[in-house]
Amino acid sequence: GAGVSQSPRYKVAKRGQDVALRCDPISGHVSLFWYQQALGQGPEFLTYFQNEAQLDKSGLPSDRFFAERPEGSVSTLKIQRTQQEDSAVYLCASSFQRPPAYEQYFGPGTRLTVT
Amino acid sequence: LAKTTQPISMDSYEGQEVNITCSHNNIATNDYITWYQQFPSQGPRFIIQGYKTKVTNEVASLFIPADRKSSTLSLPRVSLSDTAVYYCLVGENYQLIWGAGTKLIIKP
């Protein structure tokens, strides 16, 4: 079946522009996660949704980052007034389980380059 | 949150068994141990998860000693396509710390 999809796969933004990154999780998956991955590093947690509820946004690096999942399926990560340090791969993952023991299914990521 | 330590890189050859050890001295009682694999330009892929002793699935085995302060991912008879970064994660919830992982290179 279809896995997690993300769009766009690549995004180039000029410093100061707003961007929106989309995640389509696997149908029926309750949990949804966003991560930021810098080159050569492991993913860093940004935020977690259980259905439409954003239960944790403690990993969002600044108030320029905003995530939503209004109907409990598709999620959007928005970054306002992008800065060069926002350049990274943004990964979305979903899971049909709830923590603690669960398997996350990751999308291919969106590579954001801020120039 | 328990921190993990694993080798930065490892080399092996096709057909060999590869063991990657991860140390997690501060593991808590409720923590699970999970391993993911990541290829370039792809998201991580779940390999295996365990709590204690040994877990085996179709792709790997996970060995966890009684004190749970370390774990070993075992990949039997690796092939070139197993070249990837392998992450060891420890935690009971979604806020897991992902280190830089172990870059495994399989040679012909």
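Anyway, here's the lowdown on the structure attached to this text. Bear in mind the structure is a predicted one, so any value in this text is a computation, not a measurement.

Reading the values: the criteria
- Residues numbered from 1 in each chain as written.
- Chains lettered and ligands numbered in written order.
- Predicted model: local features only at pLDDT ≥ 70, side-chain atom pairs only at ≥ 80, totals over all residues.
- Heavy atoms only, no water.
- Pairing = 2+ DSSP bridges.
- Helix = DSSP H or I, 4+ residues; strand = E, 2+ residues; numbered from the N terminus.
- Axes fitted to C-alpha atoms, helices over the stretch in contact; angles between N-to-C directions.
- Buried < 20%, exposed > 50% of the residue type's maximum accessible area, 1.4 Å probe, protein only.
- Polar contact = N/O pair within 3.5 Å; in protein donor to acceptor, adjacent residues only side chain to side chain.
- Contact = heavy atoms within 4.5 Å.
- Buried area = accessible area lost by both parts, 1.4 Å probe.
- Salt bridge = Lys/Arg side-chain N within 4 Å of Asp/Glu carboxyl O.
- Nonpolar A, V, L, I, M, F, W, Y, C, P; charged D, E, K, R; others polar.
- Disulfide = S-S within 2.5 Å.

Digging into the sheet that holds strand 1 (residues 9-13) of chain B
Residue and element names in this part refer to chain B.
Now for step 1: Strand order across the open sheet formed by five strands is 1-9-8-3-4, with mixed pairing between neighbours. Strands at the two margins of the open sheet, each flanked by one partner only, are strand 1 and strand 4 (45-50). Mean inter-strand twist for the sheet, computed between neighbouring axes without regard to direction, equals 25°.
Now for step 2: Bridge count for strand 3 (residues 32-38) against strand 8 (residues 84-91) is seven bridges, and the pairing is antiparallel. Residue pairing for strand 8: Q37 is matched across the bridge by Y86.

Focus on the side chain of A:T110
Residue and element names in this part refer to chain A.
Now for step 1: Examined against the element boundaries, T110 turns out to sit in strand 11 (residues 110-114).
Now for step 2: Residue classification places T110 among the buried positions, given a relative accessible area of 0%.
Now for step 3: For T110, the side chain forms a polar contact with the main-chain oxygen of P8, separated by 2.5 Å.
Now for step 4: Excluding anything up to four places from it in sequence, T110 contacts Q6, S7, P8, R9, K11, L21, A88, V89 and Y90.

Remarks on the interface of chain A and chain B
Now for step 1: Opposite the 23 residues of chain A that make contact, chain B presents 18 residues.
Now for step 2: Roughly 1,600 Å² of surface becomes buried between chain A and chain B when both sides are summed, with 52% attributable to carbon and sulfur atoms.
Now for step 3: In this structure, the connection of chain A to chain B is made through zero salt bridges.
Now for step 4: One can count five residue pairs in polar contact (both at pLDDT 80 or more) joining chain A with chain B.
Now for step 5: Elements that contribute at least two residues to the side of chain A that touches chain B include exactly strand 4 (31-37), strand 5 (44-50) and strand 6 (53-56) of chain A.
Now for step 6: The dominant element in the side of chain A that touches chain B, judged by the number of residues it contributes, is strand 4 of chain A, at three residues.
Now for step 7: Residues of the side of chain A that touches chain B, tallied by class, amount to 13 nonpolar, seven polar and three charged.

Let's talk about the pairing of strand 5 (residues 53-56) of chain B
All names here are of chain B.
Now for step 1: When strand 5 meets strand 6 (residues 61-64), the two strands line up antiparallel, connected through four bridges. Paired with V55 across the strands is L62, a residue of strand 6.
Now for step 2: Where strand 5 folds back on strand 6, the antiparallel hairpin that results is connected by four residues.

Digging into the state of the cysteines
Residue and element names in this part refer to chain A.
Now for step 1: All told, the structure shown has two disulfides over all chains when counted by the stated rule.
Now for step 2: With its sulfur 1.8 Å from that of its partner, C23 forms a disulfide with C92. Its S-S torsion of approximately -65° makes the covalent link between C23 and C92 left-handed. Of this pair, C23 sits in strand 3 (residues 19-24) while C92 sits in strand 9 (residues 88-95); the two residues are 69 residues apart in sequence, bridging distant segments of the chain. Like C23, the residue C92 is buried in the burial classification.

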